[in-house]
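# Structural characterization, general
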Amino acid sequence: MERELKLGIMGGTFDPIHYGHLVTAEAVRFEFGLDKVIFVPAGNPPHKIKRKVTDKKHRYLMTILATITNPFFEVSTIEIDSEGYTYTIDTIKEFKKIYGEKTQLYFITGADAVLEILNWKSADELLKLCHFVAATRPGIEGNRIDEELNKIKEIYGKIIYKVTVPSLAISSTDIRKRVAEGRPIKYLLPESVERYIQKYGLYKEDDNYGL
Ligand code: ATP
Ligand code: MG
């Protein structure tokens, strides 16, 4: 009998993708024995409407460049191809359709994102459809995460897995800020992505970084 597929889903704006995303995806892939990790760049992220998000073509191509050296990493256009806002619940349902109901999906998020899960569209259904893996990220207190994870366990009876990744205090916000201020971004993200940013002159302008 064929073994069930185990897939990781790494969603993000990836504006730009950096080593925090890559290290996290690789750590979770290894720890959970995933067959592959699919990176899903967001189309029009509903929670980032205050800041102008970089054209999805650029974000998609940077994600391709960054993942090219890992045979277990793939990039999906599922969200960038869809018009309007995209929600994780719709993406997860689509992956279930594509890979079959039996496929085990592991949605990978940073600890900051996991704190928000209960506010996501159809959170209860989402928690039933896939596993969640929260990667610890510097700046987010361990206690706060545990509190939130316990809450989810109490309300939904669902365990969210926790994975510790090497502490990388890297964020896309910081990288955009660095580019705008002319400070180095070398070693924070793959060189190919750094070159892509230079070639297309991305992030040169003030963009209200954190918003
Ligand atoms: P921004 O600063 O624009 O919010 P970001 O660096 O948080 O960007 P996103 O595209 O928003 O990147 O994040 C996609 C996913 O990756 C989220 O689940 C986020 O929590 C996680 N993530 C981002 N940076 C790290 C990191 N350094 N370590 C672990 N997880 C991370
Ligand atoms: Mg973020």
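Anything mentioned here points back to the structure above.
Here's what I pulled together on the structure shown here. As the structure is a prediction and not an experimental result, all values here were calculated from the model.

Calculation criteria
- Numbering of residues begins from 1 in every chain and follows the order in which that chain's sequence is written.
- Labels are handed out in written order, letters beginning with A for the chains and numbers beginning with 1 for the ligands.
- Thresholds applied to this predicted model are a pLDDT of at least 70 for local features of residues and 80 or more for the giving and counting of side-chain atom pairs; totals over whole chains, interfaces and linings are not thresholded and use all residues.
- Processing note: side-chain calculations cover all non-hydrogen atoms of the structure and skip hydrogens and water entirely.
- Whether a residue is near a molecule or strand depends on its heavy atoms: it is near if one of them lies within 4 Å of it.
- Here a polar contact is recorded for every N or O atom pair within 3.5 Å, except that within protein the pair must consist of a potential hydrogen donor and a potential acceptor, and residues adjacent in sequence are included only if both atoms are side-chain atoms.
- Each accessible area value is a Shrake-Rupley result obtained with a 1.4 Å probe; residue values ignore everything except the protein chains displayed when judging cover.
- Secondary structure elements follow DSSP: runs of H or I of four or more residues count as helices, runs of E of two or more count as strands, with numbering from the N terminus.
- Amino acids outside the nonpolar list (Ala, Val, Leu, Ile, Met, Phe, Trp, Tyr, Cys, Pro) and the charged list (Asp, Glu, Lys, Arg) are all regarded as polar, and Gly is one of them.
- Any two residues whose heavy atoms approach within 4.5 Å at even a single point are treated as in contact.

### A word on the site of ligand 1
- For ligand 1, the set of nearby residues contains 21 residues, the closest of which are His18, Gly110, Asp112, Ser172 and Thr173.
- Residue isoleucine 170 places a main-chain N or O atom 2.9 Å away from a nitrogen atom belonging to ligand 1.
- One of the side-chain N or O atoms of arginine 176 is found 3.1 Å from an oxygen atom in ligand 1.
- Notes on ligand 1: free accessible area 590 Å², of which the protein chains cover 90%.
- Listed by contribution, the elements that provide at least two residues to the shell around ligand 1 are strand S1 (6-12), helix H1 (19-32), strand S4 (104-110), helix H4 (111-114) and helix H7 (172-181).
- Here the residues of the shell around ligand 1 sort into five nonpolar, 12 polar and four charged.

### Description of the side chain of histidine 131
- With respect to the element layout, histidine 131 can be found in strand S5 (residues 131-135).
- Among the polar contacts made by the side chain of histidine 131, one reaches the side chain of glutamine 104 at a distance of 2.7 Å.
- In this structure, histidine 131 is in contact with Gln104, Leu105, Tyr106, Phe107, Lys158 and Tyr161, ignoring residues within four places of it in sequence.

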